[in-house]
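Listed below are the residues making up each chain.
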Amino acid sequence: ALQNSSSIAKTVALIALAMAIFMFGDPSRGAFAVASSTSTFSLAGAGVALIAVMWAYDGWADVSAMAGEIRDPGRNLPRAIIGGMAAVLVAYIAINVAYFYVLPVNAMASSTMVAADAATSVFGRAGASLISALVMLATFGAANATVMTGSRFIYAMARDGMFFNAFARVHPRFETPHIAVAAIGFLGVLYATSRTFEQLTAAIILGEWPFYMLAVGAVIVWRVRDPARARPYRAPLYPVLPIVFIGASLALTINALVTDPKLTFLSFGIVATGLPAYWLWQRFTRA
């Protein structure tokens, strides 16, 4: 209930802000009326920008971690993913078009707080306070969702004997993996004090995306190896859609490697530490 209410609130707030900008903003100073002096476009630059954009849509994968705790996941999980993606798509396209409506491209390119600039241009100083409140609401919703879903990965690892048994414990009253939740919360605080928001989002997207490719590739492998098994989830446009997804993901990853090798290698390096950790865990648990 808490997650649903915060998600609905921030989505409605974003769309309402976009509508207010369209209604009360001055389009004569926006990107649609003022020519930009920095109109150079490159596919590599678009690819870099997509890494940050992917964070906005990353919940489509996280919600899958809750599949074991929802009613009729074969029916409700696809609805949740598609409905969530559609809501994010509408909200973020609306608010970004609103930014272009009242701000020139040059101003957005040089700003670190585009939303506050857009709101201030319409509502004055009160606009910045409005955006601050919206950011706090959005941050709360994202943090709650991340802790709720991320803890399920640690819980599943511990339940399968791949992590400390304590993290597989379920609270007797609330029926949640409370120790895993606390661990994810602690890691979140640790990360937030060590990197900027942009660095964290870029690193997590680059770190997660190879596993998304492996997961989608597993759909193809599994159907080839065991074609007779019942399929509770349908794969639309199979095998075209999985192949397109894998190809686009590879292009995004390779582009990141070329344009920002330091961050990309750092992300992959963190992920690679899982290999010796896995080997050591297997060795000591067998002993």
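Visitor: Where do I start with unusual backbone geometry in this structure?
Guide: When glycine is set aside, most residues are seen to have a negative phi, and most peptide bonds are trans. That bond from Tyr 238 to Pro 239 is cis: its omega, 0°, falls within 30 degrees of zero. Structurally, Pro 239 can be placed in the loop between helix H9 (197-225) and helix H10 (240-259). Notably, Glu 175 is not glycine yet its phi reads approximately 60°, a positive angle. Locating Glu 175 in the fold gives a position in the loop between helix H7 (125-159) and helix H8 (178-192). For Glu 175, a relative accessible area of 60% translates into the label exposed. One non-glycine residue with positive phi stands out, namely Leu 237, at about 60°. Turning to its location among the elements, Leu 237 is positioned in the loop between H9 and H10.

Visitor: Whenever I open this one, H7 confuses me. Can you help?
Guide: Along an α-helix, residues three or four apart share an orientation, since each turn contains 3.6 residues. For H7, spanning 35 residues, the distance from its first C-alpha to its last is 52 Å, which sits close to the expected 51 Å at 1.5 Å a residue. Residues Gly 127, Ile 131, Leu 134, Gly 141, Thr 149, Gly 150, Ser 151, Arg 152, Ile 154 and Ala 158 constitute the buried set of H7. In this structure, the buried side of H7 is in contact with helix H1 (2-24), helix H3 (59-62), helix H6 (114-123) and H8.

Visitor: What exactly am I supposed to notice about H9 here?
Guide: Between the first and last C-alpha of H9 there are 42 Å, a value that for 29 residues agrees with the 42 Å anticipated at 1.5 Å per step. Largest kink in H9: about 25°, centred on Glu 208, with the proline Pro 210 one to four residues after it. Here H9 has its buried residues at Thr 201, Ala 202, Ile 205, Leu 206, Gly 207, Glu 208, Trp 209, Tyr 212, Met 213, Val 216 and Gly 217. Against helix H2 (43-57), H3, H10 and helix H11 (261-272) lie the buried residues of H9.

Visitor: Please explain the side chain of Thr 149 as it appears in this structure.
Guide: Relative to the assigned elements, Thr 149 resides in helix H7. Note on Thr 149: relative accessible area 7%, which makes it buried. When near neighbours in sequence (up to four residues on either side) are disregarded, Thr 149 contacts Asp 62, Ala 65 and Met 66.

Visitor: Would you explain the confidence of the model for the protein chain in this entry?
Guide: Any residue range with low pLDDT should be treated as having predicted coordinates unsuitable for detailed reading. Of all residues in the protein chain, 99% have pLDDT values of 70 or greater, and the mean over the chain is 88. Across the protein chain, the secondary-structure element scoring lowest on mean pLDDT is H2, at 80, and the one scoring highest is H8, at 92.

Visitor: Just checking my understanding: could you explain the pattern of salt bridges for this structure?
Guide: Counted according to the given criterion, the structure contains four salt bridges. Of the charged contacts, one joins Asp 160 and Arg 159 as a salt bridge, the two residues approaching to 3.8 Å between their closest N and O atoms. The exposed category is assigned to Asp 160, whose relative accessible area is 54%. The salt bridge involving Asp 226 is made with Arg 229; its shortest N-O contact spans 3.0 Å. Residue class for Arg 229 comes out partly exposed when judged on its relative accessible area of 45%.

Visitor: Teacher, can you tell me more about the environment of Pro 232 here?
Guide: Of note, Pro 232 is situated in the loop between H9 and H10. Accessibility expressed as a relative area gives 59% for Pro 232, which makes it exposed. Residues Pro 232 and Pro 73, spaced 159 residues apart in sequence, show a C-alpha to C-alpha distance of 8.9 Å.

Visitor: Honestly, a nonpolar patch on the surface in this entry has me stumped. Any pointers?
Guide: A contiguous nonpolar surface patch, about 540 Å² in accessible area, is contributed by Phe 22, Phe 32, Leu 89, Ile 93, Val 97 and Phe 100. Examining the composition of the nonpolar patch, we find that four residues originate from one element, helix H4 (residues 73-102), more than from any other. When you line up the elements, Leu 89 lands in helix H4.

About the thresholds
Residues numbered from 1 in each chain as written. Predicted model: local features only at pLDDT ≥ 70, side-chain atom pairs only at ≥ 80, totals over all residues. Heavy atoms only, no water. Helix = DSSP H or I, 4+ residues; strand = E, 2+ residues; numbered from the N terminus. Buried < 20%, exposed > 50% of the residue type's maximum accessible area, 1.4 Å probe, protein only. Expected span 1.5 Å × (residues − 1). Contact = heavy atoms within 4.5 Å. Bend = angle between axes of the 7 residues up to and from the residue. pLDDT = per-residue confidence, 0-100. Salt bridge = Lys/Arg side-chain N within 4 Å of Asp/Glu carboxyl O. Patch = residues over 30% accessible without salt bridge, like charges linked within 9 Å, V, L, I, M, F, W, Y side chains within 5 Å. Areas by Shrake-Rupley, 256 points an atom, 1.4 Å probe, with all protein chains shown as cover.

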